[in-house]
Amino acid sequence: MRAIFRICLYALLLTLPAQAQDTLPLYLFNTVIGSQPDLFGGEMPVARGQLFNHGAEAYTNIALSLSAYDTADQLIGEGFGYLVDACGTALLDYALPPGAYQGFSAPFELFADGDIARLELDVAADSVAPPPTFPAMPGVRQISDKEVVLLAWLDDSALIFGAGCDGALFTRLDWQRYSLTDNALVDIEHPDAQKMSPDLIANSGAAMITQSGEHSPALFDSSQMTFPPNARRVVYQNDLHTVFSAEPDGSFPRLIHDGLHQYSLRGFQWARQTGVFLAVYFGSYGEPVRYFAATTAGRLLSLRLEDMPASITVPAPTDDGLAALVGRAQDGFGGYYLQNVYGGSQLLFEAELPGNNFPAPILDGERVYVFAEGDVAPQLQCYRRDSGELQTLTALPLRLTGATRAWAWLSPGGEHIALSANGADGGLWLVDVAGDCATPLGPPDRSGGG
């Protein structure tokens, strides 16, 4: 059933929660007026906020119509809005479930002079049956319903995570600390945020346009500047997608890999050996995943990216970074291969391979955790390298599409996997893997390197 709700916001209250009449199931929260680039290189105003579904049904085909009025209550601007994800991408086929909220964006044009005193929003939507909820999944608990795209374990009892747009600089994310002992969530600043100094930005060249030498803050935002775990030098890309490492103040940059302008960097996978990483590249869902191995000291460990055999799945480095666990269809079947970074590979085990939007495998000594699409819901599986046994551990609360991704991080002691996803169905979950996968007596073997 198509319904239209009208919600009025007054300019003096735009930074406060705004609510519709009690009889309406859709509410606006945290609505603010900002600006965004227009098609002609200028700026246009935009209303942003969150839409909350207080009803018992889900709502789809949500469209917002915006009218702006001045102090004399004269119409001075109009526009249209839609639900968006953390990157500002429109969610055209999304159904907002009961009890859920989602961001919206409503750009509008001012066609008359005057100060905005009041905004009027008409929200049109079709009601549909709520989507089925996930069944109880033993050993899986949700920590956050935000779009979590980065995470780091502090120790076995605490982790920090960043929510926001996939690929954004870590300082652009909203960070929280989670304690496993008391389930406490605390807003924090990332520990490395203070290292983003003007000297680092200037010396590294991460914000410089190569051809002109001019500087652009937007370039630095897309540099994916990363402070590696347990390593001194930072890693980043420039406007040509050339990957460098540099000292913490940006000095002494070292070129690691160039000729990457046609590839999209999707992040770094860190090996346990200090300063060794895989740089991972792919475009849209279904495209092959390319990668290379290097060190923060500036040494390329692998063949160049274009010479490394592509993977169907996101690869994972071995402890020493000299091999990568990749997913490949070969000789009529799919499976995971240990790919030596200098060339040559060995089949580890056969398996149904997920797409590049699933997390990379996790190597933990004799255990290898992999993620499968499953018939009903995605699954976490575990392969024992000593026995050759592959078993399914649990279903996972993931609803991935071709435009969303998931990530996973193993705790230092190997007892938990932190699982996250972005998009409208994103979130952060903790998966208990202690005692699973035919655990041998004694602690897990962490000596493996492939």
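Reading guide: rules and limits
- All chains use their own residue numbering, which begins from 1 and follows the written sequence.
- Totals for whole chains, interfaces and linings use every residue, but because this is a predicted model, local features are given only for residues with pLDDT of at least 70 and side-chain atom pairs only at 80 or more, for both listing and counting.
- Hydrogens and water molecules were not included; the side-chain quantities draw on all heavy atoms of the structure.
- Put simply, DSSP H or I for four residues or longer makes a helix, DSSP E for two residues or longer makes a strand, and each gets a number counted from the N terminus.
- Two things to know: the radius of gyration comes from C-alpha atoms, and the globule rule equals 2.2 Å times the number of residues to the power 0.38.
- Here the accessible surface of atoms and residues is derived via Shrake-Rupley with a 1.4 Å probe, and residues count as covered only by protein chains that are part of the display.
- For this count, His and the chain ends are skipped, Lys and Arg are scored as positive, and Asp and Glu as negative.
- Think of each charge as sitting on NZ of Lys, CZ of Arg, CG of Asp or CD of Glu.
- Pairs of cysteine sulfur atoms within 2.5 Å are identified as disulfides in what follows.
- Exposure classes here rest on a 1.4 Å probe applied to the protein chains alone. A residue is buried below 20% of its type maximum, exposed above 50%, and partly exposed in between.
- The pairing criterion for strands is at least two bridges between them, as found by DSSP.
- Within this scheme, the nonpolar core is defined by two criteria: the residues are buried Ala, Val, Leu, Ile, Met, Phe, Trp, Tyr or Cys, and they are joined through side-chain atoms within 4.5 Å.
- Contacts are assigned to residue pairs that have any heavy atoms within 4.5 Å of one another.
- Angles shown run from 0 to 180 degrees and are taken between the N-to-C directions of axes, each axis being a line fitted to C-alpha atoms and, for helices, limited to the stretch in contact.
- Stacked, tilted and edge-to-face are the three classes assigned to paired rings of Phe, Tyr and Trp, where Trp is represented by its six-membered ring and a pair needs centres within 6.5 Å; plane angles under 30 degrees give stacked, over 60 edge-to-face, the rest tilted.
- Within this document, salt bridges are pairs made up of a side-chain nitrogen of Lys or Arg and a carboxyl oxygen of Asp or Glu, the two lying within 4 Å of each other.
- Without a salt bridge and with relative accessible area above 30%, a residue can belong to a patch; like charges are then joined within 9 Å and nonpolar side chains (Val, Leu, Ile, Met, Phe, Trp, Tyr) within 5 Å.

A. Spatial organisation of the overall build of the protein. Of regular secondary structure, the protein possesses two helices and 29 strands. At 24 Å, the protein has a C-alpha radius of gyration in line with the 22 Å of a compact globule built from 450 residues. Oriented by its inertia axes, the alpha-carbon framework of the protein measures out at about 75 × 55 × 45 Å. Total accessible area computed for the protein in this model is approximately 20900 Å², and 52% of it derives from carbon and sulfur atoms. Positive and negative charge centroids in the protein, built from 24 and 51 side chains respectively, lie 7 Å apart.

B. Focus on the state of the cysteines. This structure, assessed with the given rule, holds one disulfide. What pairs with C87 in a disulfide is C165, and their sulfur atoms sit 1.9 Å apart. Measuring handedness by torsion sign, the sulfur bridge of C87 and C165 sits at about 100° and is right-handed. Of this pair, C87 sits in the loop between β5 (75–83) and β6 (101–110) while C165 sits in the loop between β10 (158–163) and β11 (174–179), and the two are 78 residues apart along the sequence. Exposure remark for C87: the relative accessible area of 39% places this residue in the partly exposed category.

C. Looking closely at the sheet that holds strand β19 (residues 316–317). The strand order across the open sheet built from four strands is β19-β20-β21-β22, with neighbouring strands paired in antiparallel fashion. Of all strands in the sheet, those bounded by a partner on one side alone are β19 and β22 (345–350). Pairing between β19 and strand β20 (residues 323–330): two bridges, direction antiparallel. Directly across from P317, in β20, lies its bridge partner A324.

D. Molecular detail of the nonpolar core. Grouped together as the largest cluster of nonpolar side chains are 31 residues, with contacts concentrated most on L159 and M225. For this core, the secondary structure elements donating two or more residues are β9 (148–155), β10, β11, β13 (234–237), β14 (243–246), β27 (406–410) and β29 (427–432). Once residues within four sequence positions are removed from consideration, M225 is found in contact with L169, F170, M196, L200, S204, A206, F220, V234, V235 and Y236. One finds L26, L66, Y94 and L121 within the second-largest nonpolar core, a separate group that totals 21 residues.

E. Fine view of the sheet that holds strand β24 (residues 367–372). Read across the open sheet, the four strands follow the order β23-β24-β25-β26; overall the sheet is antiparallel. The strands lining the two open edges of the sheet, one partner per strand, are β23 (362–364) and β26 (389–395). Pairwise comparison of adjacent strand axes, ignoring direction, gives a mean angle of 25° for this sheet. As judged from the six bridges shared by β24 and strand β25 (residues 379–384), these two strands associate in the antiparallel manner. When the sheet's bridge partners are listed, V368 is paired in β25 with Y383.

F. Region of the structure containing unusual backbone geometry. In this structure, H241 is a non-glycine residue whose phi angle is positive, near 70°. The residue H241 is located in the loop between β13 and β14 in this model. By relative accessible area, H241 is classed as partly exposed at 21%. Even without glycine at this site, F252 takes up a positive phi of about 50°.

G. Structural context of the environment of I209. Topologically, I209 is positioned in the loop between α1 (198–204) and α2 (217–221). The partly exposed category is assigned to I209, whose relative accessible area is 29%. The spatial distance from the C-alpha of I209 to the C-alpha of D239 is 6.3 Å, given a sequence separation of 30 residues. Aside from chain neighbours lying at most four places away, what touches I209 is E214, L219 and D239.

H. Region of interest: the packing of aromatic side chains. Using the criterion set out here, one finds eleven aromatic pairs in the structure. Plain terms: the ring middles of F29 and F52 are 6.2 Å apart, the flat faces sit at 85° to each other, and that makes the pair edge-to-face. In this pair, F29 sits in strand β2 (residues 26–37) while F52 sits in strand β3 (residues 43–53), placing the two residues 23 residues apart along the sequence. You can call F29 partly exposed: its relative accessible area is 26%. An angle of 75° between the planes, with centres 6.4 Å apart, marks the rings of Y263 and Y281 as edge-to-face. Here Y263 is found in the loop between β15 (254–257) and β16 (265–270), whereas its partner Y281 is found in strand β17 (residues 276–281), with 18 residues between them in sequence. For the pair Y263 and Y281, one class covers both residues: buried.

I. Spatial organisation of the pattern of salt bridges. Applying the stated criterion to the full structure yields 13 salt bridges. The salt bridge involving R272 is made with D319; its shortest N-O contact spans 2.9 Å. Note that R272 is positioned in the loop between β16 and β17 and D319 in the loop between β19 and β20, a separation of 47 residues in sequence. On the basis of relative accessibility, which here comes to 40%, the residue R272 falls in the partly exposed class. Counted as one network, the salt bridges with shared partners bring together D73, R118 and E120.

J. A negative patch on the surface, seen in detail. The grouping of D155, D156, E415 and D432 at the surface amounts to a negative patch. Relative to the helices and strands, D156 resides in the loop between β9 and β10. Assessed through its relative accessible area of 41%, D156 is described here as partly exposed.

K. Examining the environment of P288 more closely. Relative to the helices and strands, P288 is located in the loop between β17 and β18 (290–295). Overall, the relative accessible area of 48% leaves P288 in the partly exposed class. With 40 residues separating them along the chain, P288 and R328 place their C-alpha atoms 9.9 Å apart. Those residues in contact with P288, other than ones at most four positions away along the chain, are Y281, F282, A310 and S311.

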